[in-house]
Amino acid sequence: MSQQLALKVWSVVARHLHEGSGIVILHKTWDAKNGAFLVFPSYSGQDPDALKPHAWMSLRHELKAPLGGHTFIRDYAEVVDRIPIQSLRALRLVDAEHALTPHEAERRYREGYGLVAVVLRVYHLPRAYKFYDIAEKEGEDEFVPLPFEVALEDLTPAIDDAEFERRHAKLKAALPAAATKE
């Protein structure tokens, strides 16, 4: 059994990150010890109404699990930053970097009285790893222990370094001023 963990992420969101369309996932809390992980595309509970149309329309094939009951692990992510979202204004400032609709993001914000914008540096693995029997892993646990080792050499960034740094810097510059303003 591997010691590697994979974070369950809606498959459309996983693909959104894979393509470099976003660098943020929104979470109610984020444990600092989870600094790097593999991305586990999950099909359970995906709601197209909770996703921005541009995020799922071209990826609608990602809304339903493959008939064979498997998923492909294609990406590795490193947590670059954890930014507390403590106002609706701050939430609006990260909107361009995640796949959720503004309505869904606000619902999650109000439900948990805040969110964390987890800024991810996503890397493509040199090959995809097929994970069978995903239905067994669709429960409440946020992380999935992998039954196999995933090679973490020869990774390719989803977006180039300069573009990532530009987008991350834009978030960091905009958010401190908005952190407590409603």
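Preceding this paragraph is the structure being described.
The paragraphs below set out a description of the structure included in this document. Model, not experiment: these values are computed from the prediction.

1. Looking at the pattern of salt bridges
Counted according to the given criterion, the structure contains 12 salt bridges. Where aspartate 81 meets lysine 172, a salt bridge forms, and the shortest distance between an N and an O atom there is 3.8 Å. Here lysine 172 lies in helix α5 (residues 161-178) and aspartate 81 lies in strand β4 (residues 71-85), a separation of 91 residues in the sequence. You can call lysine 172 partly exposed: its relative accessible area is 44%. The partner of arginine 107 in a salt bridge is glutamate 104, with the nearest N and O atoms 2.7 Å apart. Linking arginine 107 with glutamate 104, this pair stays in helix α4 (residues 102-112), spanning 3 residues, or about one helical turn. With a relative accessible area of 37%, arginine 107 lands in the partly exposed category. On the basis of relative accessible area, glutamate 104 is assigned to the buried category, the value being 8%. What you see here is one network of salt bridges that share partners, running through Lys28, Glu104, Arg107, Arg108 and Glu111.

2. Some details on the nonpolar core
If you look at the biggest cluster of nonpolar residues, it comprises 41 residues, and the most contacted ones within it are Val13, Leu26, Phe37, Ile85, Leu91, Val94 and Leu120. In terms of residue count, the dominant contributor to this core is strand β5 (residues 115-131) (7 residues). Discounting residues that sit within four places of it in the chain, leucine 91 has contacts with Leu26, Ile85, Ala105, Glu106, Tyr109 and Leu115. In terms of nonpolar packing, the next biggest core, distinct from the first, is built from 12 residues, Ala6, Leu38, Tyr129 and Phe131 among them.

3. Observations regarding the environment of glycine 114
Mapped onto the fold, glycine 114 is located in the loop between α4 and β5. Here the alpha-carbon distance between glycine 114 and isoleucine 85, two residues 29 residues apart in the chain, equals 5.6 Å. Beyond its immediate sequence surroundings of up to four residues, glycine 114 is in contact with Lys28, Ile85, Arg108 and Tyr109.

4. Concerning helix α1 (residues 11-18)
Buried residues dominate α1, accounting for 7 of its 8 residues. Three or more residues of α1 are buried, namely Ser11, Val12, Val13, Ala14, His16, Leu17 and His18. Positioned one or two residues after α1, glycine 20 has a phi angle of 80°, which is positive.

5. A closer look at the side chain of arginine 167
Within the secondary structure, arginine 167 sits in helix α5. When residues no more than four places from it in sequence are discounted, the contact partners of arginine 167 are Gly20, Ser21, Gly22, Ile23, Glu97 and Ile159.

6. Things to note about the pairing of strand β1 (residues 5-10)
Of all the 6 residues making up β1, 5 are buried; the element is thus mostly covered by neighbouring parts of the structure. Examined bridge by bridge, β1 and strand β6 (residues 143-145) share 3 bridges and lie antiparallel to one another. What sits directly across from leucine 7, in β6, is phenylalanine 143. Note that β1 and strand β3 (residues 36-42) share 5 bridges and pair parallel. Within β3, the residue paired with leucine 7 across the bridge is valine 39.

7. Considerations on empty space enclosed by the protein
Left-over empty space is what a probe sized like a water molecule reveals as it rolls over the atoms. With the rule as written, the count across this model stands at 1 cavity of 30 Å³ or more. Taken together, Leu17, Gly20, Gly22, Ile23, Leu120, Arg121, Val122, Ala158, Ile159 and Phe164 make up the full set of residues lining the largest cavity. In terms of residues, the lining of the largest cavity owes the most to one element, β5, which gives 3 residues. Each residue belonging to the lining of the largest cavity can be placed in one class, and the counts come to 7 nonpolar, 2 polar and 1 charged.

Rules and cut-offs
- Residues numbered from 1 in each chain as written.
- Predicted model: local features only at pLDDT ≥ 70, side-chain atom pairs only at ≥ 80, totals over all residues.
- Heavy atoms only, no water.
- Salt bridge = Lys/Arg side-chain N within 4 Å of Asp/Glu carboxyl O.
- Helix = DSSP H or I, 4+ residues; strand = E, 2+ residues; numbered from the N terminus.
- Buried < 20%, exposed > 50% of the residue type's maximum accessible area, 1.4 Å probe, protein only.
- Core = buried A, V, L, I, M, F, W, Y, C linked by side-chain atoms within 4.5 Å.
- Contact = heavy atoms within 4.5 Å.
- Pairing = 2+ DSSP bridges.
- 1 Å grid on protein atoms, 1.4 Å probe; cavity = no way out; pocket = protein on both sides within 12 Å on 5 of 7 lines; lining within 4 Å.
- Points joined across faces, edges and corners; volume = space filled by probe spheres on them.
- Nonpolar A, V, L, I, M, F, W, Y, C, P; charged D, E, K, R; others polar.

Worth remembering: the numbers are spatial, not functional.
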